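Survey of secondary and tertiary structure
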Amino acid sequence: MGDAEIIPIGTRGRPGRGTGTRPSAAARNLAGKSRPTPKSEPPREEQPPPPAEARAEKAAAPHPPTAEPPATEPVLPLGEDVVPLATLPPSALTPRLEVSEREQPGIPVGDWLAAVQAAAREVFGEQWEHQLAHFLAFLRRRLTGDYVVDEFGFDPEITERFFLATLRPIAQKWFRIEVRGAENIPAEGGALIVSNHSGTVPVDALMTMVSVHDHTDRYLRALGADLVFRLPFVGAVARKGGATLACAEDAERMLAGGELVGVWPEGFKGIGKPYSQRYKLQRFGRGGFVSAALRTQVPIVPLSVVGAEEIYPLVGNVPALARLLGVPYIPITPLFPLLGPLGMVPLPSKWLLEFGEPIRTDEYDEGAAEDPMLVFNVTDQVRETIQQTLYSLLMQRESVFK
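For the protein chain, an unreviewed UniProt entry supplies the name Acyltransferase family protein and the organism Nocardioides antri.

**Looking at the packing of helix 11 (residues 288–296) against helix 13 (residues 372–396)**
Two elements in contact, helix 11 and helix 13, have axes separated by 9 Å at closest approach and are oriented at 110°. Between helix 11 and helix 13, the interaxial angle falls into the category roughly perpendicular. For the pair helix 11 and helix 13, the contacting residues are Phe289, Val290, Ser291 and Leu294 in the first and Val375, Val378 and Thr379 in the second. Considering only residue class, the contact of helix 11 with helix 13 consists of five nonpolar, two polar and no charged.

**Comments concerning the pairing of strand 11 (residues 352–355)**
Pairing geometry for strand 3 (residues 178–180) and strand 11, over three bridges, is parallel. In the sheet register, Val179 faces strand 11, and the bridge partner there is Leu353.

**A closer look at the pattern of salt bridges**
Within this structure, the stated rule accounts for 18 salt bridges. Here Glu157 ties to Arg142 by a salt bridge, and the two come within 3.4 Å at their closest N and O atoms. Pair noted here: Glu157 is in helix 5 (residues 156–174) and Arg142 is in helix 4 (residues 128–144), with a separation of 15 residues, a long-range link. When its relative accessible area of 17% is taken as the criterion, Glu157 is described as buried. Asp362 is the salt-bridge partner of Arg360, the closest N and O atoms lying 3.0 Å from each other. The class for Asp362 is partly exposed, based on a relative accessible area of 38%.

**Considerations on empty space enclosed by the protein**
Tallied over the entire structure, the rule returns three cavities of 30 Å³ or more. A volume near 60 Å³ is recorded for the largest cavity. Lining the largest cavity we find Phe154, Thr159, Leu164, Met209, His213, Arg218, Tyr219, Leu220, Arg221, Gly241 and Gly242. Listing elements by their share of the lining of the largest cavity, those giving two or more residues are helix 5, helix 6 (203–216) and strand 5 (220–224).

**Regarding the side chain of Asn196**
Among the secondary structure elements, Asn196 is positioned in the loop between strand 4 (191–195) and helix 6. Sequence-distant contacts of Asn196, that is, excluding residues within four places in its chain, are made with Asp204, Trp264, Glu266, Leu281, Leu303, Ser304, Val305, Ile386 and Leu390.

Cut-offs and rules
Residues numbered from 1 in each chain as written. Predicted model: local features only at pLDDT ≥ 70, side-chain atom pairs only at ≥ 80, totals over all residues. Heavy atoms only, no water. Axes fitted to C-alpha atoms, helices over the stretch in contact; angles between N-to-C directions. Helix = DSSP H or I, 4+ residues; strand = E, 2+ residues; numbered from the N terminus. Parallel < 35°, antiparallel > 145°, perpendicular 65-115°, else oblique. Contact = heavy atoms within 4.5 Å. Nonpolar A, V, L, I, M, F, W, Y, C, P; charged D, E, K, R; others polar. Pairing = 2+ DSSP bridges. Salt bridge = Lys/Arg side-chain N within 4 Å of Asp/Glu carboxyl O. Buried < 20%, exposed > 50% of the residue type's maximum accessible area, 1.4 Å probe, protein only. 1 Å grid on protein atoms, 1.4 Å probe; cavity = no way out; pocket = protein on both sides within 12 Å on 5 of 7 lines; lining within 4 Å. Points joined across faces, edges and corners; volume = space filled by probe spheres on them.

Here is the structure:
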């Protein structure tokens, strides 16, 4: 212990004090940061401005070249003045979103509804509120089950709002149907409308349904072939639209109930005949529709349709494929299947519908429906009336398409 070196307290732990070594740069920096900064500095003496001669010499001395400023400095217009962007504070350059009073949160619902009502009135007209009210009432009835469907599946509301509303523009704008003799259709009670059948596709039945409803405000209950009701979707739609199976029992029940029934006795022979045989009536079957009219003693109204033969001119058929698919025929027209789906669009021919004078059946005895000769004579009378009217309309028609 006698040889131990005594280090002063003030120098303990400080490198470079009494050891003969220099502190490192990091230690010097750390030591410099730990020193307290002076609270105040002595005031500096202001230098007098240089004399005028010195300022002149300094101005005359050459200056080092500096970068030239851009030719045009971006400016921000503020009212009448133009201020350089560099001189503006950062807050002045922050974009501001101007929000109208209608777009602000907390807008009254009444103002929003008023704007929607004004827009709807401009688009749909003044009657839009009534149309919206009717549509909402329709939805409520459908959801609650408050609607009527008869024993055959006929839904008058669906037929009026969807089926007839869809077919009406086609009848009026595309085929431009002209109806004659609509006054021959009874305003009430049962009646049987018998029409020729044509067009490759039974569009004439649909056009007859909408034409009868628009001129008499009555629904035409169509009698369709069993093939129609075997199809999954088509059969259900046909039932909703008022069609039923073409059998004597269903026809008699509807006629006895005061319905307006439509029948096309030619069937597939009429719509599937070649274009060369257009407007030549095919056989009317065994006269089952006449028997139904005789039993229920309702009038028979003959109907002649001109124009349907030209919508799909049938020029060929594929019998083998038709038998394979279980359909009466596979039509070949000038446009189908050559143009694919576009060939399925019907040609816009001009249509004429003429309802003839009713043929009364209430003058016959109750057992008249069981007399084959009487049934045959009445059937032939209806067929000849339709055929002669077709010839007359063809002579009156100026052109196929006008």
